[in-house]
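Each chain, written out:
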Amino acid sequence: MSKRLFFLFAGLLCGQLAMAQDDIVVQSVSGKALYYAPQESKAQNVYPGLRMSSSGKVRCQSGATVKLLQNGEIFTVKGSKLFVLSELSQQSKSGSNVGFMGRFSKFLSGSMKETKNEKELEKNHRRYMEKAKAGIGGFSEKTYPIQTSLLYQGTLGVSPVTFRWSGALPGEVCRFQLSRKADGQVLAMALTLDSLFTINLSQLALAPGVACEWMLIEDKTGEAKSAKMSFVYDPATAGKVLADLRNLKDFQNASPAEQALMEAYTLEEAGLFYDAAMTYAAAAKSDAGNLLVRDTQAAFLSRMGLLEDAKALLRR
Amino acid sequence: MENSGHQTKNIMIKMWRKLIQPYAALITLIVFILIWLFSTVRPNLHFLNPFNYGLKDYEITDIVYSRMRDEQIKMEDRIVIVNTGRPDRTQIAQMLKRINAAQPKAIGIDVLFSGRKEPAGDSLLLAGIIQSENLVLASELENYREDIGQFQAISGVDSFFNQHARTGYVNFPSTETRTIRYFSPTEETAEGQAFSFAAEIARLYDPAAFEKLLIRRKDLETIHYSSNASSYLHFEPETILDTTIDLTAQLSGKIVLMGYSSDEEGDCPLLDKFYTPLNPSYSGRSDPDMYGIIIHANIIQMVLDGRYVRHVPGWLSILLAVLCCYWNVLIVDKIEDKYPRIYHPITRVIQVIELVLLFFIISVLFYAFRLKLDFTYGLFALALYFDVLLSYEGFSKRRHGRLINKLPRIFKKEKPE
């Protein structure tokens, strides 16, 4: 009797395991993909909700992607190679998915790892500093009627520079003022009705590496209309950064559009945001219709706090 | 018998005497006065702003969502997501026709059909809308007038279409950081009461669940995010339009949400995408992590299951914070009496352990019971009480600490004989 019961339970357990393994559901499909059920010669179209056998196979057509759900885990299948579904269980990471206590201790130990030594702490500290700085509201508690973007921060290498802002009332006269940060010496000043002002920094008495500040001021009252934005003018930095990039083999083998994106990315990484914006704009102009260029430029603009410009670009 | 009762009474009195210490109460009071001062007087510290910006839109419970959530995907089989791609009215009309034929229980289109475009496409879409009895179109609330507490306009959907379908607003209350934590189930407008897009869909699918939402009478509901995009069946436009596929099995009797939710990497990375507490970067800026349509799906799921986030009342949070602070002062007092030489490091270790423990308790309450405890004051009190205690002791020992020395003896660290 007990032997029978044992075999019954063993059989049920095996059946459960087999059923659990068989339960593969298509979560989403992008493009066209075909499913080959076991012992069936005819393939069928893959669509969300389709249940598949783990002994079946899937083939994606060029560019297609299939997301499969098995045992609470999502697997992505792409490429035109015939994919055997039994391989999913080998790719499974479900063993690492611990309970709440495990995840809690993992989080704590992870936090400790980030600060385990001074070097790590410094590295992570810098990472958080950069992220925090990316916020446009990070300059002062006061909110100003005129908003600018992060483009005019960091280092400016190109010249002339067109400073843009938003929020000025139509017909309002604003004073654009550029001054040296160290002693407040005014380097350039102009009254403007517009929401942009172009200035050739190379013509100013500015030594490379000197920090400057610019802002917009109410002409009559002298009240600040925008936050002070700091930057360093250094025409040589961009050249140095790009020279290193251009020596790379990957860069030399890339297409012109990819090269432009690589340059823009490198400039952004080096804190040359305005120069990066110019490179993106040039790439978009020379390669109009290239979706990769458009989307990368939009993502960059959103990082710079120009979300509306980014959205407008995507709507085109 | 009488003797044992008398003994118990004595023990109780002794215990109360031990627990009620004016000295500890005074320290607690000072700690909370300090917290009150910090929270009301906010000096304009420019140099702290980058940190503030990175952390101001952060809650402890975000860590539960982003780091301690169960990563196992559980399929939500009542809701199906359909990507519309870049909204093209003719294609949406064709998709709607196919979806309608599969007899779903409710359809929501998270696309704003404002204005009229190409007449042929508009007519096709109108025909599709008329055929769908269980359709909700997205709309927008505009022009809020504070004096009458009312929105003046419902826009975003042309009168050509909205005559033939229900509408639900897709506005979310959020700060400039665009983190979506709450939704407003219903709002007053000049045209009467309006319901949110998700609430209107829940009303079609399960009127009883919708009634429960209304009975709660909350201006704002905290969204309980239980799923991400992978938890829903996700259809691309070409799959919906493929006539060789029978959609009935997948869509019949379900909620179909149509909106922009492209799976393609790099395809419109920002369109209709928002920050949520599920974002792995729970502090500082990062990329938005969830499409609007998935946020609606999470809200619908929450309403249908009645799994609302509960909040511990503010007064109870403050009371707990006061008790926690008071209790700690008493404990430190005991430790100092027992281990006068090493009580300093012991207290610091206890402080750290308590902070971790509190974080754990807040996380567990939220994870297991969806109970949100705002223990900010408690955490501040825990961080401050020991330093306040040391300062108080130091101050009372000095000769110039006349004010403290004038206080009755019970307010001093040294106990009365």
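Rules used throughout
Residues numbered from 1 in each chain as written. Chains lettered and ligands numbered in written order. Predicted model: local features only at pLDDT ≥ 70, side-chain atom pairs only at ≥ 80, totals over all residues. Heavy atoms only, no water. Helix = DSSP H or I, 4+ residues; strand = E, 2+ residues; numbered from the N terminus. Buried < 20%, exposed > 50% of the residue type's maximum accessible area, 1.4 Å probe, protein only. Contact = heavy atoms within 4.5 Å. Areas by Shrake-Rupley, 256 points an atom, 1.4 Å probe, with all protein chains shown as cover. Axes fitted to C-alpha atoms, helices over the stretch in contact; angles between N-to-C directions. Parallel < 35°, antiparallel > 145°, perpendicular 65-115°, else oblique. Left-handed = near helix turned anticlockwise from the far one by under 90°. Nonpolar A, V, L, I, M, F, W, Y, C, P; charged D, E, K, R; others polar. Pairing = 2+ DSSP bridges. pLDDT = per-residue confidence, 0-100. Phe/Tyr/Trp six-rings, centres within 6.5 Å; stacked < 30°, edge-to-face > 60°.

A. Region of the structure containing the overall build of chain B. What chain B contains, in helices and strands, is 16 helices and 15 strands. Put simply, chain B has 417 residues, and 47% of those count as buried. Counting only contacts in chain B whose residues sit at least 6 apart along the sequence, the fraction spanning at least 24 positions is 79%. Accessible surface computed for chain B: about 21,700 Å², of which carbon and sulfur atoms make up 58%.

B. Region of interest: the packing of helix α5 (residues 89-101) of chain B against helix α6 (residues 119-131) of chain B. Residue and element names in this part refer to chain B. One way to put it is that α5 packs onto α6 with a least axis distance of 8 Å and a crossing angle of 25°. Judged by the inter-axis angle, α5 sits roughly parallel to α6. Relative to α6, α5 is oriented so that their crossing is left-handed. The residues of α6 that touch α5, namely those facing Arg-89, Thr-90, Ile-92, Ala-93, Leu-96, Lys-97 and Asn-100, are Gly-121, Asp-122, Leu-124, Leu-125, Gly-128, Ile-129 and Gln-131. Here the residues of the contact of α5 with α6 are counted per class, giving 6 nonpolar, 5 polar and 3 charged.

C. Geometry of the sheet that holds strand β14 (residues 210-218) of chain A. Residue and element names in this part refer to chain A. Here we have 5 strands laid out as an open sheet, ordered β9-β15-β14-β11-β12, and mixed in their pairing. Each having just a single partner strand, β9 (155-156) and β12 (186-192) make up the two edges of the open sheet. Note: β14 against strand β15 (residues 229-233), 5 bridges, orientation antiparallel. Its bridge partner being in β15, Val-210 is matched across the sheet by Tyr-233.

D. Inspection of unusual backbone geometry at higher detail. Going from Ser-159 of chain A to Pro-160 of chain A, the amide bond is cis rather than trans, its omega being 0°. For Pro-160 of chain A, the position within the fold is in the loop between β9 and β10 (161-164). Even without being a glycine, Gln-103 of chain B presents a positive backbone phi close to 55°. As for its position among the elements, Gln-103 of chain B is in the loop between α5 and β2 (106-109). Owing to a relative accessible area of 56%, Gln-103 of chain B belongs among the exposed residues under this scheme.

E. Looking closely at the environment of Arg-180 of chain A. Residue and element names in this part refer to chain A. Counting through the fold element by element, Arg-180 comes out in strand β11 (residues 174-180). For Arg-180, a relative accessible area of 24% puts it in the partly exposed group. In this structure, the C-alpha to C-alpha distance between Arg-180 and Leu-206, residues 26 residues apart in sequence, is 8.6 Å. Apart from residues no more than four positions distant in its own chain, Arg-180 is found in contact with Gln-185, Leu-187, Ala-205, Val-210, Ala-211 and Cys-212.

F. Broad picture of the environment of Ser-195 of chain A. All names here are of chain A. Checked against the element boundaries, Ser-195 lands in the loop between β12 and β13 (196-199). Exposure remark for Ser-195: the relative accessible area of 31% places this residue in the partly exposed category. Remark: the alpha-carbon pair of Ser-195 and Glu-172, spanning 23 residues in sequence, is separated by 9.8 Å. When residues no more than four places from it in sequence are discounted, the contact partners of Ser-195 are Phe-163, Arg-164 and Trp-165.

G. Highlighting the sheet that holds strand β3 (residues 44-45) of chain A. All names here are of chain A. Read from one edge of the open sheet, 4 strands run β3-β2-β5-β8, paired in antiparallel fashion. The sheet terminates laterally at β3 and β8 (83-84), the two strands that pair on one side only. Pairing between strand β5 (residues 57-60) and β8: 2 bridges, direction antiparallel. Pairing of Lys-57 across the sheet is with Val-84, part of β8.

H. Summary view of the confidence of the model for chain A. Residue and element names in this part refer to chain A. Predicted confidence across chain A gives a mean pLDDT of 75, with 77% of residues reaching 70 or more. Below pLDDT 50 for its whole length, residues 12-21 participates in 4 contacts with residues either more than four positions away or in separate chains. Long-range and interchain partners of residues 111-142, a stretch whose pLDDT sits below 50, account for 42 contacts in this model, where long-range means more than four residues apart.

I. Local environment of the packing of aromatic side chains. Residue and element names in this part refer to chain A. If you walk through the whole model with that rule in mind, you get 17 aromatic pairs over all chains. Measuring from centroid to centroid gives 4.8 Å for Phe-163 and Trp-214, while their planes differ by 55°, and the two rings are tilted. On the criterion of sequence distance, the pair formed by Phe-163 in strand β10 and Trp-214 in strand β14 is long-range, its members being 51 residues apart. The burial state of Phe-163 is the same as that of Trp-214; both residues are buried. Note on Trp-165 and Trp-214: the rings are 6.4 Å apart at their centroids and 45° apart in plane angle, and the pair reads as tilted. Here Trp-165, found in the loop between β10 and β11, pairs with Trp-214, found in strand β14; they are 49 residues apart in sequence, far enough to count as distant. When sorted by exposure, Trp-165 lands in the same class as Trp-214, which is buried. Counting every residue linked through ring pairs, the aromatic cluster contains Tyr-152, Phe-163, Trp-165, Phe-176, Phe-197, Trp-214, Phe-231 and Tyr-274.

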